[in-house]
Amino acid sequence: MSLLTVADASAAVHKRADAHQQQAVVPSPAVYDFSVLPEFSGTVAQYIPDPFGGVSGLLLTNGTQILCSPDIASSITSLTRAGGTISGRGLQARQLPMIRAFTLTGPTGRTVEDDGLRLPLNQPDITPGPDIPVEGEVLYPLYNLHGAITGVILKNHAIIRIAPNEVGKLQDILTPGKIIRAFGPGHSGSAGTAIIARQIGLTTGNLISLTPEALIPPGAAPGSPDYDVIPGTNVY
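Note that the structure is predicted; figures quoted are calculated from it, not measured. (Residues numbered from 1 in each chain as written. Predicted model: local features only at pLDDT ≥ 70, side-chain atom pairs only at ≥ 80, totals over all residues. Heavy atoms only, no water.)

### Quick word on the overall build of the protein
Okay, so step 1: Helix and strand counts for the protein stand at five helices and 13 strands.
Okay, so step 2: For the protein, buried positions account for 38% of its 236 residues.
Okay, so step 3: At a minimum sequence separation of 6, the contacts of the protein that also span at least 24 residues come to 58%.
Okay, so step 4: Total accessible area on the protein is roughly 13400 Å²; 56% of this is exposed by carbon and sulfur atoms. (Helix = DSSP H or I, 4+ residues; strand = E, 2+ residues; numbered from the N terminus. Buried < 20%, exposed > 50% of the residue type's maximum accessible area, 1.4 Å probe, protein only. Contact = heavy atoms within 4.5 Å. Areas by Shrake-Rupley, 256 points an atom, 1.4 Å probe, with all protein chains shown as cover.)

### Observations concerning the pattern of salt bridges
Okay, so step 1: One pass over the full model with this rule turns up four salt bridges.
Okay, so step 2: Where Arg100 meets Asp114, a salt bridge forms, and the shortest distance between an N and an O atom there is 3.0 Å. Separated by 14 residues along the polypeptide, Arg100 in strand E5 (residues 98-105) and Asp114 in the loop between strand E6 (111-113) and strand E7 (131-143) bring together distant segments of the chain.
Okay, so step 3: The exposure class of Asp114 is buried, given its relative accessible area of 7%. (Salt bridge = Lys/Arg side-chain N within 4 Å of Asp/Glu carboxyl O.)

### Concerning the pairing of E7
Okay, so step 1: Direction of pairing for E7 relative to strand E10 (residues 179-189): antiparallel, over a ladder of seven bridges. What sits directly across from Glu137, in E10, is Ile179.
Okay, so step 2: Connecting the antiparallel pair E7 and strand E8 (residues 149-154) is a turn made up of five residues, with Gly147 showing a positive phi of about 85°. (Pairing = 2+ DSSP bridges.)

### Description of the packing of aromatic side chains
Okay, so step 1: In the structure shown here, the tally under the stated rule is one aromatic pair.
Okay, so step 2: Between the aromatic rings of Phe34 and Phe102, the centroid separation amounts to 5.6 Å while the plane-to-plane angle is 25°, which identifies the pairing as stacked. Of the two residues, Phe34 is situated in the loop between helix H1 (3-24) and strand E1 (39-49) and Phe102 in strand E5; the sequence distance between them amounts to 68 residues. Taken individually, Phe34 and Phe102 each receive the classification buried, so the pair is uniform in this respect. (Phe/Tyr/Trp six-rings, centres within 6.5 Å; stacked < 30°, edge-to-face > 60°.)

### Some points on unusual backbone geometry
Okay, so step 1: Although it is not a glycine, His157 adopts a positive phi angle of roughly 80°.
Okay, so step 2: Relative to the elements of secondary structure, His157 occurs in the loop between E8 and strand E9 (159-161).
Okay, so step 3: Assessed through its relative accessible area of 44%, His157 is described here as partly exposed.

### A few points about the confidence of the model for the protein
Okay, so step 1: Taken residue by residue, the protein gives an average pLDDT of 82. The fraction at 70 or more is 72%.
Okay, so step 2: Note on residues 231-236: pLDDT under 50 across the span, and 13 contacts to partners over four residues away in sequence or across chains. (pLDDT = per-residue confidence, 0-100.)

### With respect to the environment of Gln199
Okay, so step 1: Relative to the elements of secondary structure, Gln199 occurs in strand E12 (residues 199-202).
Okay, so step 2: Along the sequence, Gln199 and Ser209 sit 10 residues apart, while their C-alpha atoms lie 4.4 Å from each other.
Okay, so step 3: With near-sequence residues (within four places) excluded, Gln199 lies in contact with Arg181, Ala182, Phe183, Leu207, Ile208 and Ser209.
Okay, so step 4: At 3.5 Å, the side chain of Gln199 forms a polar contact with the side chain of Ser209. (Polar contact = N/O pair within 3.5 Å; in protein donor to acceptor, adjacent residues only side chain to side chain.)

What follows is the structure, encoded as structure tokens:
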């Protein structure tokens with residue numbers, strides 16, 4: 001073998017090694033193929049904030065709630081804003097005005113996908129803040145990913161969250177058009193105001209107290225598989 005041939009072979013080996021190294025550092029795509037899911041699009045009316053300082057979804061101007069996992073919810077405020085557009089792929093609920101989104105694309109074309117493998121690194125504090133008073137007209141019921149009612153969205157954009165097992169006794173209060181008030185721990189910031197109601201009622205009536213146990217369910221036993229799962233984070 002000539003020296004030129006040896007040099008060429010060595011260069012080819014190094015080229016293949018460099019290509020393999022570059023390929024190794026390319027981030028893996030989402031595990032699932034979301035291109036088979038139906039597309040949706042709309043105009044954002046508001047964020048759906050949570051009482052811990054984060055965002056759990058979007059409300060569109062047509063009343064549809066776009067809900068997603070914490071994996072991509074942490075990117076919502078950097079994707080779009082009220083009055084902006086949003087599109088993506090997901091599953092439309094059969095009878096409820098809600099979509100479980102697995103991808104979201106903002107007006108600039110940036111897309112985030114739900115790979116289901118990690119939680120965001122910049123998670124907000126899991127402890128809600130001090131009690132905040134909220135008052136206003138009920139606009140829509142608030143749903144969770146399972147389709148259960150977990151509170152209301154007010155016309156002034158505030159969010160009142162209620163444990164699903166408490167909703168049944170509050171049907172008259174949570175009806176759209178009713179003017180209500182509530183108190184409870186939560187967070188108010190640039191994404192909006194959201195509380196976990198400790199007390200709630202019509203502005204013309206008495207307040208109904210909600211049990212703390214119903215608001216924050218007990219966690220799993222130490223050492224069990226679910227011990228590291230934060231109670232309530234998969235409810236709203």
